[in-house]
Number of protein chains: 2
Amino acid sequence: MAAETQSWVLMATARAPTNIAVIKYWGKRDEALILPINDSISVTLDPDHLSATTTVAVSPSFKQDRMWLNGKEISLSGGRYQNCLREIRKRAGDVEDEKKGIRIKKEDWEKMHLHIASYNNFPTAAGLASSAAGFACLVFTLAKLMNVKEEHGDLSAIARQGSGSACRSMYGGFVKWTMGNDADGSDSIAVQLASNTHWDDLVIIIAVVSSKQKETSSTTGMRESVETSPLLEYRAKTVVPNRVLQMEEAIKSRDFASLARLTCADSNQFHAVCLDTSPPIFYMNDTSHRIISLVERWNRSEGSLQVAYTFDAGPNAVLIAPNRKVAGLLLQRLLFQFPPPPESELASYILGDKSILHEAGLQSRKDVEDLPPPVEIKDKVPSQKFPGDVSYFICTRLGSGPRLLTDENQALISPETGCPK
Amino acid sequence: MAAETQSWVLMATARAPTNIAVIKYWGKRDEALILPINDSISVTLDPDHLSATTTVAVSPSFKQDRMWLNGKEISLSGGRYQNCLREIRKRAGDVEDEKKGIRIKKEDWEKMHLHIASYNNFPTAAGLASSAAGFACLVFTLAKLMNVKEEHGDLSAIARQGSGSACRSMYGGFVKWTMGNDADGSDSIAVQLASNTHWDDLVIIIAVVSSKQKETSSTTGMRESVETSPLLEYRAKTVVPNRVLQMEEAIKSRDFASLARLTCADSNQFHAVCLDTSPPIFYMNDTSHRIISLVERWNRSEGSLQVAYTFDAGPNAVLIAPNRKVAGLLLQRLLFQFPPPPESELASYILGDKSILHEAGLQSRKDVEDLPPPVEIKDKVPSQKFPGDVSYFICTRLGSGPRLLTDENQALISPETGCPK
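Owing to the predicted nature of the structure, the values given are computational and were not obtained by experimental measurement. (Residues numbered from 1 in each chain as written. Chains lettered and ligands numbered in written order. Predicted model: local features only at pLDDT ≥ 70, side-chain atom pairs only at ≥ 80, totals over all residues. Heavy atoms only, no water.)

> Just to check I follow, could you spell out the pattern of salt bridges for this structure?
Pairs can form between side chains of opposite charge whenever their charged atoms are close. Residue and element names in this part refer to chain A. Scanning the model with the defined rule gives 48 salt bridges over all chains in all. In this structure, the salt-bridge partner of Asp389 is Arg290, at a minimum N-O distance of 3.8 Å. Of the two residues, Asp389 is situated in the loop between α11 (365-369) and β18 (390-396) and Arg290 in helix α7 (residues 286-302); the sequence distance between them amounts to 99 residues. Given a relative accessible area of 12%, Arg290 falls into the buried group. Salt bridges here are not isolated pairs; linked through shared partners, they connect Asp46, Arg324, Asp353, Glu359 and Arg397. (Salt bridge = Lys/Arg side-chain N within 4 Å of Asp/Glu carboxyl O. Helix = DSSP H or I, 4+ residues; strand = E, 2+ residues; numbered from the N terminus. Buried < 20%, exposed > 50% of the residue type's maximum accessible area, 1.4 Å probe, protein only.)

In structure tokens form, the structure reads like this:
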């Protein structure tokens, strides 16, 4: 180890994506190790639009482990952070930076302190699984800095102990979290089913839904479901295993109709189990219901599944379209029913990949106002419009897994101060 | 039979209550005979507040069977009406009215035509199980007019073929519909578990919730659930049988905590199954959710179950309080969160047994405006008020079964014209 008197700072910075489950994780068999009661499958979202970036720095001058999230210092004393730090430190290797003349031996990591800075490129409060991206990024960055050699999804099992769904953010494309059997959780890991290039025409549109309700955290919610829902165990043991097999097959063969059917059914069943919990948990609200009705009405009118929807532990809708053309038609329908509120410009209402707006033939607020009702609601009761019920939309796609950012300008910690820039 | 040239009209008039299930019926094993996939249990509501009144008239001058519902002629050609008429005619007996000199022999009923008039003393469109009261009343009145001797719940099995839940409206108090085993449905009948006097301090408050959504009919909804919900069969075969036993015990021993726990859990599970249906069915809306949250928050704050809630195939809440005192406290909470809209007077906002208002210490709109927030939401985020989200409340209680109205002034058909008055 370099002399303690030297005041060097060694850093690594990485970015990790968020993910959305298409076969849902709901219920733990072990609360401490975060071991689930069923397998789950997710798609990883493009980190350009939804990701966490984390810098981990180590220095002999650091007096304690510290962390800043979105610029604000937070406590690392929680068990979830401690589990991740402990497990990574255990697996740390020798690190040498010849240029800087730094050498850290693997046994030294236990004694050295870390400064961690992380930020999300999307609103944390929007209920978009920020903890999945955050813990995946933390574990990945720690592992890179500490030269951890990963084998067989080891890192995903560590990320899992930070936040269950974080294990699925350790890979890009389509990812399965196998529940595993071992009591120590070593086989409860994520595996990649297919990379994002395997099925790269899928388009994802997220409707961030305004909510005035205080929501039950997913940790509390799933514990209460395990304790009180008579339907959850049946779902986990009998329904999900078949759906996982079918979903794997749908992904392998790029069968959109099956992907959509299974995704919608499993989202609805997850929310059904929430409702079967005592006291019942409502994550979807009237706006969520209206988005489902919009999709179901369109699917029925076409006689085939145009798009899929899925909702996590909140009212936001994640919609999956098979290609850009259908995504454009979806965006027309969404904007017809949920136009931007009067004070809002289209450019600040559609975030992410704005090029889908061109696909939809929409350049301005005026174009949205001029949208005719979609064919499936013509001649029906005058359709209602709900400006303000959606805060904004994010257009995105499938993405790749965590990656190291080698450009030091992207680091969130200053090498001089060892604190956030 | 009296000479056809004579122009007499013979009539019977009866009133039948509506009912609300506390263990829900959802799913048929036989669509034509209306045979359910599980037992259900209901409470019969006071017919003074929620009932159907029906007059059935017979005359040799009638040329065909005709029916008027709430003053408007409707078609009797539907299978449900035809089933009820056919089954009752089969069982008709001899009838003699010495005073009027009328004699109808049982074999004559097949050839004689009926005029039927029915009306509900509550808004039909409000989603308050008007078909249960309606078919129960039709079958009961027909049976009285035609001198049908009922045995072993026969009449309930006939009412069941009009509308499944109608069989439970054939009795007062607490009623169980046993699903039965026979293919012909003869053992799928209602039985009374306890009369309304067995537990007469229960108070029922119904919140009629404004809804802009078109709802799925329960007939269509339960068919789609049977066809597509993976959870429904498990519910019907595994969950409900135990709940029925527990509910019977709770009723027998007037154990309000158990009644409330089972009622809420079963309502929530029924709506969970609706959500697990493809496409999903939403009967509850944000207002329904807020009423549940109000009750759950209160229950949690008190550490015991104060009131129970249950929702049928619509957004209306049916709330059960153990006594008038608690019902008053419930009404305070409901009116605090859902005050009457500006143009509405308290007297037209609280229907049924208005004396619960006195129990709540509320005489006027002003008293409602002055209501302090309930203790369980003090010091929390400023609670939101939702005037207009509830159309009105109905305060009622348990009631008795169908009964004949012998005062001819209450008949809905004129004995002179044979048509509605």
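What follows picks up the thread again.
> So what exactly am I meant to see when it comes to the domain arrangement of chain A here?
One widely used convention gives an interface's size as the accessible area the parts lose upon coming together. Residue and element names in this part refer to chain A. Partitioning chain A into structural domains gives domain 1 (10-196 + 406-410) and domain 2 (203-396). Here the C-alpha centroids of domain 1 and domain 2 sit 28 Å apart. At the interface, 28 residues of domain 1 touch 39 residues of domain 2. Summed over the shared surface of domain 1 and domain 2, the number is three salt bridges. The partner of Glu31 in a salt bridge is Arg223, and the shortest N-O contact between them spans 3.7 Å. (Domains from an automatic or database assignment. Contact = heavy atoms within 4.5 Å.)

> Help me out: how do you make sense of the packing of α7(A) against helix α8 (residues 324-337) of chain A in this one?
Relative placement of two packed helices is described by the angle separating their axes and the distance separating the axes. Residues and elements named next belong to chain A. The geometry of α7 relative to α8 is characterised by a closest axis approach of 11 Å and an angle of 130 degrees between their N-to-C directions. Judged by the angle between their axes, α7 and α8 are oblique. Read as a crossing pair, α7 and α8 show a hand that is right-handed. Here Arg290, Ile291, Leu294, Arg297 and Trp298 of α7 lie close against α8, whose contacting residues are Val326, Leu329, Leu330, Arg333, Leu334 and Gln337. In the contact of α7 with α8, the residues fall into seven nonpolar, one polar and three charged. (Axes fitted to C-alpha atoms, helices over the stretch in contact; angles between N-to-C directions. Parallel < 35°, antiparallel > 145°, perpendicular 65-115°, else oblique. Left-handed = near helix turned anticlockwise from the far one by under 90°. Nonpolar A, V, L, I, M, F, W, Y, C, P; charged D, E, K, R; others polar.)

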